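Here are the chains, one letter per residue:
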Amino acid sequence: MICYDSEEEYNKVGTELIKLIKDRTTVTVETKLRKKEGKPIDVLLTVALVDPNDPEVGMTFTAQDITEQKRIALEKEKKERHIRSIFQATPTGIGITWARKLLDVNDKLYKMFGYTKDELIGQDTEILYPSREEYERVGKELKRIIDSKKPGLIESQWVCKNGDIRDIYMTFALIDVNDPSAGVTFTVQDFTEKKLAEEDLYRLNQFQQTIIESADVLINVLNKDAEVIVWNNAAEAISGYSREEVLGTTKIWDLLYPDKKYRNEIFAIATAIINEGQKVSGFETVIKRKDGNKRIISWNSRDLLDESGETIGSIAIGNDITRQKEAEKVKKQQVHFMQELIDAIPVPIFYKDKDGIYLGCNDTFAEFTGIPKEDMIGKGVYELYEKDIAEKYNKMNTELIEKGGTQTYEYYLRSVSGQNRAVIFNNSIFTDIDGNVAGQIGAVFDITERKEAEEAQRKHAHFMQELLEAIPAPVYYKDRNGNYLGCNRAFETFSGSKCEDMVGKNAYEVYDEKQAEEYHHMDRELVKNGGTQTYESEVVYRGDRTERNVLFNKSVFTDMNGETAGLIGVILDITQRVRSENELKKQLHFLQELMDATPAPMFYKDKKGLYIGCNKAFEDMTAHKKEEIIGKSVYELCQNDLAYKYHEMDMELMANGGIQIYESQVENPVTKSRQDVIFHKSVFTDMNGETLGLIGAILDITERVRSEKLLKKYSEELEHSNELKDIFTDIMRHDLLNHATVISGYTYMMLSSEDDETKLKRLGKIDLSTKNLIELIESAAAFAKLESTDDLEFEAIDVGNMINGIIANFEYQAEEKGVDIRIISEGPCTALANPMIEEVFVNLISNALKYGSDKGDIGVRIEDADDNCKIAVTDSGEGISDKDKPLVFERFKRVGNKSIKGSGLGLAIVKRIVDLHKGKVGVEDNPEGQGSMFWVTLKKA
């Protein structure tokens, strides 16, 4: 017993040992033992018989110190009882759920909805929702909260057992954010009848934290050492400083107020407020954010006290009012702008309160009345105007305030000059933000000039009537029902009645039935359709009983609302014009007869290409009557291939004007054969010179075409004679050239062996003449051959390589003359050409050497010219005059230095070869100085 903590523990173990001996089984028992130094410990004893068949042999046991385990278990049990106590005692409904099944609820929750605890535990929460849709909606929100691992609030409805529907707030939070399967705890607040006290919400730490973090104001809590212990999301957003930078430090104020002088000033003001025993409220400062931007903050601050009243820290709530301040500034600007806007309005404007006291006016009103704004504001009409005027204003003001809406009336207002000006007051009430009448605003329109204008208008109306009377043509006007409203004297003559006798009457009361019916019908048509109406008629002037051709010009007139009020008509005597038109018709008939007598087909069309007339010959040619032709296009009368060409040529003539002559064909509609014709066409215009259409004549040239075919036959026979020319060319090239070559050879031999200067001189002339003869024969033969050539075979030729080869052949001549031949190329250029093209550049470079100056360079430039290669050979010789440039490519034309001998065929050969290549050749002045530049363009391969 000496080891046991008490006799009771000793006896408890003894009882278990007796049971061990009796049952002969192992027993485990907890007890309390005492250490040697007297400290009690909890021990777990496990005892067993050494020999179960013989208890007397003895027992074996193990002892495990479970003091710490017992302490932990006791603490856990105590905490669980505490939590369970809170769980049950909290006046808010609390529950635990997983997979939307209720695992546990407190008494408050099941009683709140009229259930027992057993009726809810294990049930799906769907039984509490008024509809499946609401159940699923909350499920989606709950999933979002679980996924975020943060507490969340959901507003919904639950149904009580008795069927009542209650509006609730539910706050959800994971029991273990690291293990969502541990379940979700939730609170339920019934706010159908009342809201739970704010203190209940703060009992839940997670919900309290949610409120702090979701607040849109800066919340900052300091401990007694002035270290930051709370720095919410809004604080981070407003200041730009994170929790990590701020929590546990005292440097935040140095960061927000880096200017030490400004920081000391605001701290001094805040300290003074606190020392006076007041709370800091609405205290505005300017902080500097981390990014350097400034924000205006309104602070509310107070100390935090413990239960004994000792200060343990402070809380400061800062509201970012930067935008509010900016809005206030904008509002002030708007008010200023509105006043500026009102002042800028050229119409006098004033505004009063509902008692008729002036609140303000614009500059125009002050200037108009001569009363400064400051003398007007705060005063009534009796203090500013004469009694009779004031009474009128006051009466109208009172009436407007009582009835509301708007008010318009004419009166007069004394101007700054002392003159009573006729004005119109346009007044309207204005209301306060609650919609109550707050006063009136009025605009004053000076109508003095308008009144004067009305008088002038009356005089003008009289003038217009006099003017109407002076019009020689009959003029009348009626109302929309056809009753006469008035007329001029000329109409009295036309109608045979006085104006005053016709006013108020209709046509049936003035004219005979037939004439009245016509007038009435046309008037009714005009009033119905609006606009204007013009038509001709034959009438009898009732004044002199003569028959006249007249033109009625009528138009409706409208009232101020734009509605047709009546019509006005003018009657023009066109008797003479009708006679002239009849004469014109006779002339047109004569012209048509004249055209029909013309044997050549003739036609005329409008500018759209539609036929508007033709002669008899054209009818015969097309086998259509004139009536069938007029209004149709060529596509309706001719085959498509011909019609397309006719139309294209017509449109070209219309666009360009003038005359058009061209050959084409027409088809005989009977035989379907086609005839060769010439079209002669010309546009015709109106009096202003604008094209109205075209007129054309068709000439049959079938016989001429037959003659041309005969000429072609003769041409072919002539071509046979060209063969004789080719034979002559061959004779000249072979026979004459052979003899010239023999002469040249013997001359060379004689020059080599002769010493006599006179003979050498004569032989030199023979040698030169012989060389010129050989060159002439070769050039003439080459040109003749080119003249008979039309088709060439082309291949891709590298122009640069070709030119380099030619230059190499002229090295000796160039060196002898001291000339440098340079090639300038922008890059490779391949032309589509026949090998004979080389002859062109041999000729051009040879000429450049002949006619260029000594020591002067020759340039050969190869350029890329879009789809062509351009090759230019430039020399520095005397050049070619502008008048001679067009002649250089003609046969036997030589210009420039006459001392240099040549055949006169070289450049003609160049041009012929280039023409066969469909290229171009030309000559210009050397752009870099003296001399000429010959250029050639060839198609690229």
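Note: the structure precedes this text.
Every chain is numbered independently, its residues counted from 1 as its sequence is written. Selection of residues for local features in this predicted model requires a pLDDT of at least 70, selection of side-chain atom pairs for listing and counting requires 80 or more, and totals for whole chains, interfaces and linings are taken over all residues. As a rule here, side-chain values come from all non-hydrogen atoms in the structure, and water together with hydrogens is ignored.

Participant: Explain the nonpolar core residue by residue, including any values.
Facilitator: As a rule of thumb, soluble globular proteins bury nonpolar side chains together. Remark: nonpolar core denotes a set of buried residues (Ala, Val, Leu, Ile, Met, Phe, Trp, Tyr, Cys) joined through side-chain atoms within 4.5 Å. Residue burial is assigned from relative accessible area. The probe radius is 1.4 Å, only protein chains are included, and a residue is buried under 20% of its type maximum, exposed over 50%, and partly exposed in between. Ile803, Ile837, Val840, Phe841, Leu844 and Ile871 are the most contacted members of the largest nonpolar core, which has 40 residues in total. Comment: elements are numbered from the N terminus, with helices defined as DSSP H or I runs of at least four residues and strands as E runs of at least two. Where this core is concerned, the elements lending two or more residues are α26 (799-809), β31 (830-833), α28 (838-851), β32 (858-865), β33 (868-874), α29 (906-916), β34 (920-925) and β35 (932-939). The greatest single-element share of this core, amounting to 6 residues, is contributed by α28. Two residues form a contact once any of their heavy atoms are found within 4.5 Å. Apart from residues no more than four positions distant in its own chain, Ile803 is found in contact with Ile823, Phe841, Val860, Ile862 and Ile871. Counting 24 residues, the second-largest nonpolar core is a separate cluster that includes Leu102, Met112, Tyr135 and Leu142.

Participant: So what's going on with the state of the cysteines? Residues and values would help.
Facilitator: The criterion for a disulfide is a pair of cysteine sulfur atoms lying within 2.5 Å. All told, the structure shown has 1 disulfide when counted by the stated rule. Note on cysteine connectivity: Cys829 is disulfide-linked to Cys869, with sulfurs 1.8 Å apart. Judged by the torsion about the S-S bond (-95°), the Cys829/Cys869 disulfide is left-handed. Placement of Cys829 in the loop between β30 (821-825) and β31 and of Cys869 in strand β33 is noted, with a sequence separation of 40 residues between them.

Participant: Describe the sheet that holds strand β13 (residues 311-320), with residues and values.
Facilitator: Pairing is antiparallel across the open sheet formed by 5 strands, whose spatial order is β10-β9-β13-β12-β11. With one partner strand each, in any of the chains shown, β10 (228-231) and β11 (280-288) form the two edges of the open sheet. Between one strand axis and the next, the sheet turns by 25° as a mean value, whatever way the strands run. We treat two strands as partners when DSSP finds at least two bridges between them. When strand β9 (residues 218-223) meets β10, the two strands line up antiparallel, connected through 3 bridges. Within β10, the residue paired with Asn220 across the bridge is Trp231. Angles shown run from 0 to 180 degrees and are taken between the N-to-C directions of axes, each axis being a line fitted to C-alpha atoms and, for helices, limited to the stretch in contact.

Participant: Describe the packing of aromatic side chains, with residues and values.
Facilitator: Aromatic ring pairs are defined here through the distance separating the ring centres and the angle between the ring planes. Centres within 6.5 Å are what make two rings of Phe, Tyr or Trp a pair, Trp counting through its six-membered ring; a difference in plane orientation under 30 degrees is then read as stacked, over 60 as edge-to-face, and the rest as tilted. Evaluation of the coordinates by the stated rule reveals 29 aromatic pairs. Note on Tyr129 and Trp158: the rings are 6.0 Å apart at their centroids and 85° apart in plane angle, and the pair reads as edge-to-face. Here Trp158 lies in strand β6 (residues 152-159) and Tyr129 lies in the loop between α4 (117-120) and α5 (132-148), a separation of 29 residues in the sequence. Put simply, the rings of Phe113, Tyr129, Tyr135, Trp158, Phe172 and Phe186 pair up and form one aromatic cluster.

Participant: Mind laying out a nonpolar patch on the surface, listing which residues take part and the relevant values?
Facilitator: To count toward a patch, a residue needs a relative accessible area above 30% and no salt bridge. Like charges then connect within 9 Å, nonpolar side chains (Val, Leu, Ile, Met, Phe, Trp, Tyr) within 5 Å. Only the protein chains shown count as cover for residues, and all accessible areas are computed by the Shrake-Rupley method using a 1.4 Å probe. Throughout this description, the term salt bridge denotes a Lys or Arg side-chain nitrogen within 4 Å of a carboxyl oxygen of Asp or Glu. On the surface, Leu584, Leu588, Phe590, Leu591 and Leu594 cluster together into a nonpolar patch covering about 500 Å² of accessible area. Tracing the backbone shows Leu588 in helix α20 (residues 575-597).

Participant: Describe helix α23 (residues 640-656), with residues and values.
Facilitator: Here, expected helix span is obtained from the residue count minus one, scaled by 1.5 Å. Given a rise of 1.5 Å per residue, 17 residues ought to cover 24 Å, and the 24 Å separating the end C-alpha atoms of α23 matches this to within 8%. Along α23, the residues classified as buried are Leu642, Ala643, Tyr646, Met649, Asp650, Leu653 and Met654. The arc that holds the buried residues of α23, viewed along the axis, is 140°, so those residues lie on one side. Pointing more than 90 degrees away from the buried face of α23 are the exposed residues Asn640, Ala655 and Asn656. Contact partners of the buried residues in α23: β24 (602-606), β26 (659-667), β27 (674-685) and β28 (691-700). Looking one or two residues past α23, Gly657 carries a phi angle of roughly 75°, positive in sign. Arc definition: it is the arc formed by the directions from the helix axis to the C-beta atoms.

Participant: Which residues make up the packing of α28 against α29, and what values do they have?
Facilitator: The N-to-C vectors of α28 and α29 enclose an angle of 150°; their axes lie 9 Å apart at closest approach. With respect to each other, α28 and α29 are oriented roughly antiparallel. In this structure, the crossing between α28 and α29 has a hand that is left-handed. Taking contact as the criterion, the partners of Glu839, Val840, Asn843, Leu844 and Asn847 in α28 are, on α29, Gly906, Leu907, Val910, Ile913 and Val914. Considering only residue class, the contact of α28 with α29 consists of 6 nonpolar, 3 polar and 1 charged. The labels follow the angle: roughly parallel below 35 degrees, roughly antiparallel above 145, roughly perpendicular from 65 to 115, and oblique for the rest. Handedness of a crossing is defined here by the sense of rotation of the near helix relative to the far one, left-handed for an anticlockwise turn of less than a right angle and right-handed for a clockwise turn. Gly is put with the polar residues, along with every residue not named as nonpolar or charged; the nonpolar set is Ala, Val, Leu, Ile, Met, Phe, Trp, Tyr, Cys and Pro, and the charged set is Asp, Glu, Lys and Arg.

Participant: Explain the environment of Asn668 to me, using residue names and the numbers behind them.
Facilitator: Checked against the element boundaries, Asn668 lands in the loop between β26 and β27. Distance in space between the C-alpha atoms of Asn668 and Met621 is 6.9 Å, their sequence separation being 47 residues. Contact partners of Asn668, with chain neighbours within four places excluded, come to Ser673 and Gln675. Any pair of nitrogen or oxygen atoms within 3.5 Å is treated as a polar contact; in protein, a donor-acceptor pairing is required on top of that, and neighbouring residues in sequence qualify only through side-chain atoms on both sides. At 3.2 Å, the side chain of Asn668 forms a polar contact with the backbone nitrogen of Thr671.

Participant: Got a sec to walk through the pairing of strand β5 (residues 101-105)? Specific residues and values, please.
Facilitator: Where strand β4 (residues 93-98) meets β5, 4 bridges bridge the pair, whose relative direction is antiparallel. Paired with Ile96 across the bridge in β5 is Asp104. Where β4 hands over to β5, the hairpin turn is made up of 2 residues, of which Ala99 adopts a positive phi near 55°.

Participant: Can you lay out the packing of α26 against α28 for me, pointing to particular residues and giving the numbers?
Facilitator: Running from N to C, α26 and α28 point in directions that differ by 45°, and their axes come no closer than 10 Å. As far as their axial angle goes, α28 and α26 are oblique. When you trace α26 past α28, the crossing you get is right-handed. Only Glu838, Phe841, Val842 and Ile845 of α28 make contact with α26, whose side of the interface consists of Met802, Ile803, Ile806 and Ile807. For the contact of α26 with α28, the residue count by class is 7 nonpolar, no polar and 1 charged.

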